[in-house]
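The lines below spell out each chain.
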Protein chains: 2
Amino acid sequence: MAPELDPSVLDIRFAAAKAASRRLATATSDEKDAVLRALGAGLREQGAAVIAANEQDLAAGRANGLSDGLLDRLRLDERRVEALATAAEDIVDLPDPVGEVVRGSTLPNGIRIEQLRVPLGVVGAIYEARPNVTVDIAALAIKSGNAVVLRGGSAAEHSNRALLGVLRGALEAAGFPADAVQTVDDFGRDGARALMQARGHVDVLIPRGSAGLIRAVVEEATVPVIETGAGVVHMFLDASAREDWAVELVHNAKVQRPSVCNALETLLVHRDAAERLLPAVVDRLVEAGVTVHGDERVRAIRPDATPIEPDEWATEHLSLDLSVGIVDSLDDALEHIRRYSTKHTEAIVTADVENAERFLAEVDAAAVLVNASTRFTDGAEFGFGAEVGISTQKLHARGPMGLPELTSTKWLVRGRGHVRG
Amino acid sequence: MAPELDPSVLDIRFAAAKAASRRLATATSDEKDAVLRALGAGLREQGAAVIAANEQDLAAGRANGLSDGLLDRLRLDERRVEALATAAEDIVDLPDPVGEVVRGSTLPNGIRIEQLRVPLGVVGAIYEARPNVTVDIAALAIKSGNAVVLRGGSAAEHSNRALLGVLRGALEAAGFPADAVQTVDDFGRDGARALMQARGHVDVLIPRGSAGLIRAVVEEATVPVIETGAGVVHMFLDASAREDWAVELVHNAKVQRPSVCNALETLLVHRDAAERLLPAVVDRLVEAGVTVHGDERVRAIRPDATPIEPDEWATEHLSLDLSVGIVDSLDDALEHIRRYSTKHTEAIVTADVENAERFLAEVDAAAVLVNASTRFTDGAEFGFGAEVGISTQKLHARGPMGLPELTSTKWLVRGRGHVRG
């Protein structure tokens, strides 16, 4: 049970996070890397205690009837703790974005201006039942010079408390204030609400999780939010699409990892290609265990397809299910995507250069792909080395976010007594 | 009086703006420049009608007891309409940010990725009693490929309606849908509320005006907001500051245009320099008509200073008033600034390179200046050519915003049948 909220306690924590963020903001890369190394070592040393805490959460989860999928996401074992330690240490090798000169010039009057990358300050993270996010987001925040306030949800309460101890120990071991990593979990939903409303204390809020969680944060927060999001991801097989590419791209996009946001959810097929492509595409899917939910025109070609429900076009299955429809033209495909896209990732398979360029120009999404699997919208694939999440909003960051997306900038202006005339 | 709100009317307008934004998003620079030229011509042709409409607003403003300052901001005369026309035409010469390749690479597997600058989509603007903003923001939005929904406030209702007509006419004359510029003004406060909540229709909201207006928008909006903001701007005269620079920089920062957000509001003086600098600095200010509000230590040196009220440290005077205090050290100056800064512009006058660098590194603001007037935090001074506003938030844009700040990006990904392994 969450205790009665004494708001002053949270105010004190937020203020402590802000103060710690100032220390981190001026830290060198070497100093911040020392925290990440101490974190890796700490996770290995205290792995048994973390796993024991996680077992409490797993037991509670089983008692509360959590699904196997959720229990799996919640689980920390020796291998997963080792992976967390390695991931934290791998961040050492990434370039530190802080201090980068983004632009600069000497004005006609001789004043020198530089736009410098600086940390955001205090990053708030709200997520559910994934204790690995606790370490991931804190490690990325520290490398980019930010303090962090975490809300990890009640299902992972014991795991997160244990991980928080490791994180705070690593900060102290490297000479930083432990207050650079904070939690509001002990205040339950009131803590989450306080975090969302902590304007002036918390500089940005990153929700990670279900569409419902993200919507709730967007609606309740006064702190600026970076939406990372749901993906109702489409692939359009144009009239000219190569059969071998169509078969392999659809299969890979749907099957390679169906539970993630860049997995394919809806396949649209040009009517002129449907008879040619659908049989082989669907055979390959069915062979992989995919349930095809088809509209009437699909079912005319593949009567074994499940009839699609109208609301399924808006559904993010995150499972071996695929919505499939036939459209009359590229325009109709674009219209369908406009209507149902969550603006994450959209793809076309085509041999026609004009249609490829139209699709790239007209589709409004974080990533638009031609003749490639939608699974490539990913920070690691893009070469960012680590991923904070995939932003589906248009402000600040769009698409896979790396360390630079956890920074802001400031202008440094140097004059010699210059006044404005 | 605002009519009863029929929400479907606003939904239709927002949807029409979205549809028009798609046309603008793929327009060439030449096509968009044609709108700006038509806008300049239209303002000149219909100037008399705009001024007549403005006179209705002025008469209503006088009847409602608007201050002379507000009436002046509201006023459009021939000279000001001509200035609006010229400003719109000047935007023709600015580089179009849309289509710029921000980054790009070929991945190890041969996939090519490019991050391309694209319009935000639909920009919402909320402002008060400044009809010039109607034309400014619409022209900048059009150049950057965005549609715009305006909420200009009841005090400028007739002026804005006339200007909206000119804007929509210019769009049509250049072959674009007039719906790319919309208003919610005829729905009064309900219209403003609908605009702030138009998630999915409106991509970003830019409030311009008083601190109260901006706070209200931030609290009520579910659409992402770019805060442009109030400036409680500080200048710190370090122990080593040159007297001639101190006198001229303080004078210029306070007096050159006191009503704007980058004007100086608080002067902090190192105790070791107070006896040396304050007399000449204050003499120059008093000569220019400035009222100095000093703390006790300032008044020990300048008994003619008005005693400062404690809440004045947080006040944005926007007038010929200046808060002045003496501090014991650079650390105390930094602490004062941390407490009262609105994170807009902060400056130090110093001869000490170490203190200059500490100030630049530790002050958290959009612009941090050494030995230069705070009036330089400005898009035109920075060479941006036009200014959307000065962002005081950390996400997306910080400091003076030009056309690129009205854009987002998307990733274009081109493969040859690539699947993820």
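Residues numbered from 1 in each chain as written. Chains lettered and ligands numbered in written order. Predicted model: local features only at pLDDT ≥ 70, side-chain atom pairs only at ≥ 80, totals over all residues. Heavy atoms only, no water.

Going by what an unreviewed UniProt entry lists, chain A is known as Gamma-glutamyl phosphate reductase and is assigned to Agromyces archimandritae. The heading Function (unreviewed entry) in the UniProt record of chain A holds the text "Catalyzes the NADPH-dependent reduction of L-glutamate 5-phosphate into L-glutamate 5-semialdehyde and phosphate. The product spontaneously undergoes cyclization to form 1-pyrroline-5-carboxylate." (UniProt positions renumbered as here; feature names shortened; annotations may be inferred.)

Turning to the relation of the copies chain B and chain A, a few remarks are in order. Superposing chain B onto chain A takes a rotation of 180 degrees combined with a translation of 0.0 Å along the rotation axis, leaving an RMSD of 0.0 Å. What the superposition gives is, in effect, a two-fold axis relating one chain to the other. No C-alpha of chain B approaches the rotation axis more nearly than that of H396 of chain B, which lies at 1.8 Å. When the interface residues of chain B are mapped onto chain A, 100% of them again fall at the interface, so both copies present the same face. (Least-squares fit on C-alpha atoms with pLDDT ≥ 70 in both. Contact = heavy atoms within 4.5 Å.)

Looking now at the interface of chain B and chain A. At the junction of the two partners, chain B supplies 69 residues and chain A supplies 69 residues. Of the roughly 5800 Å² buried between chain B and chain A, counting both surfaces, carbon and sulfur atoms make up 54%. Considering only the side of chain B, the residues that lose the most area to chain A are L395, W411 and R420 of chain B, jointly responsible for 14% of the buried surface there. Our count for the chain B to chain A interface comes out at twelve salt bridges. D203 of chain A is the partner of K394 of chain B in a salt bridge, and the nearest nitrogen-oxygen pair spans 3.4 Å. At the boundary of chain B with chain A, the tally comes to 47 residue pairs in polar contact (both at pLDDT 80 or more). Elements with a contribution of two residues or more to the side of chain B that touches chain A: α1 (7-25), β2 (112-119), α9 (211-220), α10 (243-255), α14 (353-362), β13 (367-372), β15 (399-401) and β16 (407-418) of chain B. Looking at the side of chain B that touches chain A element by element, the count peaks at eleven residues for β16 of chain B. Among the residues forming the side of chain B that touches chain A, the class breakdown is 31 nonpolar, 17 polar and 21 charged. The sheet contact formed by strand β16 (residues 407-418) of chain A and β13 of chain B spans five bridges and is parallel. Bridge pairing in β13 of chain B links W411 of chain A to A367 of chain B. (Buried area = accessible area lost by both parts, 1.4 Å probe. Salt bridge = Lys/Arg side-chain N within 4 Å of Asp/Glu carboxyl O. Polar contact = N/O pair within 3.5 Å; in protein donor to acceptor, adjacent residues only side chain to side chain. Helix = DSSP H or I, 4+ residues; strand = E, 2+ residues; numbered from the N terminus. Nonpolar A, V, L, I, M, F, W, Y, C, P; charged D, E, K, R; others polar. Pairing = 2+ DSSP bridges.)

Here we take up α9 of chain B. Residues and elements named next belong to chain B. Within α9, the full set of buried residues consists of L213, I214, V217 and V218. Down the axis of α9, the buried set is contained in an arc of 130 degrees. They therefore lie on one face. Summarising the geometry of α9, the exposed residues directed more than 90 degrees from the buried face are R215 and E219. Summarising the contacts, the buried residues of α9 are in contact with β3 (122-127), α8 (188-196) and β6 (204-208). (Buried < 20%, exposed > 50% of the residue type's maximum accessible area, 1.4 Å probe, protein only. Arc of directions from axis to C-beta.)

Looking now at the packing of helix α2 (residues 29-45) of chain B against helix α6 (residues 131-143) of chain B. Residue and element names in this part refer to chain B. For the pair α2 and α6, the least separation of the axes is 9 Å and the interaxial angle reads 160 degrees. On the basis of their axis angle, the class for α2 and α6 is roughly antiparallel. Residues K32, D33, V35, L36, L39 and L43 of α2 form the contact with α6, whose own contacting residues are V135, A139, I142 and K143. For the contact of α2 with α6, the class distribution of residues is seven nonpolar, no polar and three charged. (Axes fitted to C-alpha atoms, helices over the stretch in contact; angles between N-to-C directions. Parallel < 35°, antiparallel > 145°, perpendicular 65-115°, else oblique.)

The final tally for this structure, using the stated rule, is six aromatic pairs over all chains. Here the aromatic rings of W411 of chain A and F384 of chain B are separated by 6.0 Å at their centres, their planes lie at 55 degrees, and the arrangement is tilted. With W411 of chain A in strand β16 and F384 of chain B in the loop between β13 and β14 (389-391), the pair connects residues from two separate chains. Like F384 of chain B, W411 of chain A is buried. (Phe/Tyr/Trp six-rings, centres within 6.5 Å; stacked < 30°, edge-to-face > 60°.)

On to the sheet that holds β16 of chain B, then. Strand order in the open sheet made by the ten strands is β10(A)-β9(A)-β11(A)-β8(A)-β7(A)-β12(A)-β13(A)-β16(B)-β2(B)-β1(B), with mixed pairing throughout. At either end of the open sheet lies a strand with only one pairing partner, and these are β10 (306-307) of chain A together with β1 (101-106) of chain B. In this sheet, β10 of chain A lies alongside strand β9 (residues 291-294) of chain A in parallel orientation, the contact comprising two bridges. Bridge pairing links G294 of chain A to P307 of chain A in β10 of chain A. Sheet contacts for helix α14 (residues 353-362) of chain A: β7 (233-237), β12 (345-349) and β13 (367-372) of chain A together with β16 of chain B; angle to β16 of chain B, the most-contacted strand, approximately 150 degrees.

All right, on to the pattern of salt bridges then. With the rule as written, the count across this model stands at 74 salt bridges over all chains. For the salt bridge of R151 of chain A with D185 of chain A, the shortest nitrogen-to-oxygen distance reads 3.4 Å. Taken as a pair, R151 of chain A in strand β4 (residues 147-151) and D185 of chain A in the loop between β5 (181-183) and α8 (188-196) lie far apart in primary sequence, 34 residues in all. For the residue pair R151 of chain A and D185 of chain A, the accessibility class agrees, reading buried in each case. R414 of chain B is paired through a salt bridge with E114 of chain B; the nearest N and O atoms lie 3.7 Å apart. In this pair, R414 of chain B is assigned in strand β16 and E114 of chain B in strand β2, connecting sequence segments 300 residues apart.

What follows concerns the environment of Q197 of chain B. All names here are of chain B. Mapped onto the fold, Q197 is located in the loop between α8 and β6. Expressed as a C-alpha distance, the spacing of Q197 and K143, which sit 54 residues apart in the sequence, is 25 Å. Setting aside residues up to four positions removed in sequence, Q197 forms contacts with E220, T222 and V223. Separated by 2.7 Å, the side chain of Q197 and the backbone oxygen of E220 make a polar contact.

All names here are of chain B. Taking burial as the measure, the five residues of strand β12 (residues 345-349) include five buried ones, the bulk of the element. Residues T345, A347 and V349 of β12 are buried on one face, and the alternating residues E346 and I348, pointing to the opposite face, are buried as well. Where β12 lies against β13, four bridges are found, and the strand directions are parallel. Note that in β13 the partner of E346 across the bridge is V368.

In this section: the domain arrangement of chain A. Each assigned domain of chain A is listed with its residue range as follows: domain 1 (7-228 + 400-413) and domain 2 (233-376). When each unit is reduced to the centre of its C-alpha atoms, the spacing between domain 1 of chain A and domain 2 of chain A is 36 Å. (Domains from an automatic or database assignment.)

In this structure, K343 of chain A is a non-glycine residue whose phi angle is positive, near 65 degrees. With respect to the element layout, K343 of chain A can be found in the loop between α13 (330-340) and β12. Despite not being glycine, L318 of chain B has its phi angle at roughly 55 degrees, a positive value. Among the secondary structure elements, L318 of chain B is positioned in the loop between β10 (306-307) and β11 (321-327).

Attention now moves to the UniProt feature "domain: Aldehyde dehydrogenase" (unreviewed entry) in chain A. The feature "domain: Aldehyde dehydrogenase" (unreviewed entry), as given by UniProt, occupies residues 11-288 of chain A in the numbering adopted here. Annotation note: span residues 11-288 of chain A, helix share 53%, strand share 16%, distance between end C-alpha atoms 52 Å.

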